[in-house]
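Chains, contacts and geometry: an overview
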Amino acid sequence: MDLFGTAGIRGSATERVTPELALAVGRAAGADGGEFVLGRDGRETGGALADAMAAGLRSAGADVRRVGVVPTPALAFASRGRRGVMLTASHNPPEDNGIKLFDDASEYDADQEAVIEERVAAEEPPAAWDAWGEAEHVGVLDDYRTAVAAYAREFGAGLDGLRVAVDCGNGMGSVATPHVLESLGAEVVALNANVDGHFPGRPSKPTPETLGDLTNFVADSDCAFGIAHDGDADRIVVVDESGEVVHEDTVLAILAERYVRESGALDPVVVTTPNASARIDERVRAAGGRVERVRLGALHEGIAAAEAAGGDVVYAAEPWKHIHPGFGGWIDGVASAAVLSRLAAAEGLDALRDPVTERPYRKVSVDCPDERKAAAMDALETTIPDAFPDADIDTEYGVRAEFPDGSWTLVRPSGTEPYVRVYAEADDVDALVGDVTELVEGAVANT
């Protein structure tokens, strides 16, 4: 059985993430007993899935505290000291839904997910009739918004007089980010700020192509910048005052440098993923820290590994998704919006971006049948170092080559499609992509 991807379980609510699956996963998770908080996003199918999930949890012996329709980071916040379930498909289309599991505010790791899969496959029966759990409805949203605002006040300056546009995408950012920024003093112009599981304003995934309303509005207004979220508000996209989307790795580099500089730790560590830019490494090194990389979707595992090795993780992120360890161990786009707004209020977004080296970036996909991926990657572990003898090579999560001038390339197999992905960032990115793609095509052809 293969239920979990890089971000929980996701898929069609009529074919994959059905009430039957929610019941089964709930019963499997609830077998650990104790107390679970249960929340969902605004998708049309969320109510029925929440009922099924609650039934599964309770029939396994767990108690359920239902927190209603909330952002994923608010559910994670509520899961501190207990377990949690969030029903969300994040940035997927409206016909999809999903299941994310939390343990003491962190997403389940691979070992915990494997246990759930085994229990679902085994179709274990309910607990004894007199051991079923209880349920009640509780509130978390007010406490969460207050906590985010309090945390953000540790950074930058007050937002009095700062005008910010926030595109909530008809998702769960609607009930969080505008409220938090207004409580910090900002004048917020909210777009698509009603929760609607059909996502009528724009697709749930915020990209340069889908954020036309926000980018045009910011460019034609006196807003200092704009912020956009996905459906469950764990992602953040930033738009500058001219209406241009700020590269996601630049946002990571700004926050990573700031957290390292202000940490006071002896060994400050930033955890990120192999596809993240070397601009992050540059700014972290300049601030006196170091970067550790972990596979996509495994930031929590990377944090645990870095801390077990003696490091002090001050920030963890992959493109668009950030963990603020000083606030909590979950991915939180609302906290990112608040902290970044305070920093921009103090220094200006342009000043925050100035030290960051932004090189041209490209990502391409090379056709590769699934059965050839392993052999192709084995070959590339030799051919890429041979082709680029001056590069530092890391083969833990694909093959990543970082060059002395800060440019880099990454080759990794897709986990869901018949491709090998090539990522590159360099002043002459087309030349680098061409060279690496040729190596990948050769490796695929010869396997």
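These numbers come from a predicted model, not from an experiment.

**Overview of helix α7 (residues 212-219)**
Listing the buried residues of α7 in full gives Leu214, Thr215 and Val218. Down the axis of α7, the sector holding all buried residues measures 95°, keeping them to one side. Each element contacted by the buried residues of α7 is listed here: β8 (163-167), β9 (187-191), β10 (225-229) and β11 (236-239).

**Looking at the sheet that holds strand β19 (residues 408-413)**
What the five strands build is an open sheet, ordered β16-β20-β19-β18-β17; its pairing is antiparallel. Bordering the open sheet on either side are β16 (361-367) and β17 (392-394), each of which pairs with just one other strand. Averaged over all neighbouring strand pairs, the angle between strand axes comes to 15°, with direction disregarded. In this structure, strand β18 (residues 399-402) lies alongside β19, joined through four bridges in antiparallel fashion.

**Brief notes about the sheet that holds β9**
One open sheet accounts for four strands, arranged β9-β8-β10-β11; its pairing is mixed. Where the open sheet ends on each side, the last strands, each with one partner, are β9 and β11. The average angle at which neighbouring strand axes cross in this sheet is 20°, direction not considered. Pairing analysis gives five bridges linking β8 to β9, with the strands arranged parallel. Each residue of the ladder has a partner; that of arginine 163, found in β9, is glutamate 187.

**Examining the UniProt feature "domain: Alpha-D-phosphohexomutase C-terminal" (unreviewed entry) in the protein chain**
The UniProt record marks residues 366-431 with the feature "domain: Alpha-D-phosphohexomutase C-terminal" (unreviewed entry), using the residue numbering of this structure. Annotation note: span residues 366-431, helix share 32%, strand share 33%, distance between end C-alpha atoms 16 Å.

**Describing the packing of aromatic side chains**
All told, the structure shown has ten aromatic pairs when counted by the stated rule. Taking 6.1 Å as the distance between ring centres and 80° as the angle between the ring planes, the aromatic pair formed by phenylalanine 77 and tryptophan 330 counts as edge-to-face. With a gap of 253 residues between them, phenylalanine 77 in helix α3 (residues 72-78) and tryptophan 330 in the loop between β15 (321-323) and α11 (333-347) connect regions that are remote in the sequence. Side by side, phenylalanine 77 and tryptophan 330 carry an identical accessibility label, which is buried. The positively charged end of arginine 80 is found above the aromatic ring belonging to phenylalanine 77, 3.8 Å away from the centroid. Positioned above the aromatic ring of tryptophan 408, the side-chain terminus of arginine 400 is 4.4 Å from the ring centre.

**Quick look at the UniProt feature "domain: Alpha-D-phosphohexomutase alpha/beta/alpha" (unreviewed entry) in the protein chain**
Feature annotation in UniProt assigns "domain: Alpha-D-phosphohexomutase alpha/beta/alpha" (unreviewed entry) to the following positions: residues 2-124 and 144-243. End C-alpha atoms of residues 2-124 are separated by 17 Å, and the span's content is 37% helix alongside 26% strand. Across residues 144-243 one finds 24% helix and 19% strand; the C-alpha atoms that close the span lie 30 Å apart.

**Brief notes about the packing of helix α1 (residues 19-30) against helix α4 (residues 110-122)**
Contact geometry of α1 with α4 gives a least axis separation of 9 Å together with a crossing angle of 120°. Between α1 and α4, the interaxial angle falls into the category oblique. Crossing geometry of α1 relative to α4 is assigned as right-handed. Every residue of α4 that contacts α1 at Ala24, Val25, Ala28 and Ala29 is listed here: Ile116, Arg119 and Val120. Classifying every residue of the contact of α1 with α4 gives six nonpolar, no polar and one charged.

Calculation criteria
Residues numbered from 1 in each chain as written. Predicted model: local features only at pLDDT ≥ 70, side-chain atom pairs only at ≥ 80, totals over all residues. Heavy atoms only, no water. Buried < 20%, exposed > 50% of the residue type's maximum accessible area, 1.4 Å probe, protein only. Helix = DSSP H or I, 4+ residues; strand = E, 2+ residues; numbered from the N terminus. Arc of directions from axis to C-beta. Contact = heavy atoms within 4.5 Å. Pairing = 2+ DSSP bridges. Axes fitted to C-alpha atoms, helices over the stretch in contact; angles between N-to-C directions. UniProt positions renumbered as here; feature names shortened; annotations may be inferred. Phe/Tyr/Trp six-rings, centres within 6.5 Å; stacked < 30°, edge-to-face > 60°. Lys NZ or Arg CZ within 6 Å of the ring centre and 35° of its normal. Parallel < 35°, antiparallel > 145°, perpendicular 65-115°, else oblique. Left-handed = near helix turned anticlockwise from the far one by under 90°. Nonpolar A, V, L, I, M, F, W, Y, C, P; charged D, E, K, R; others polar.

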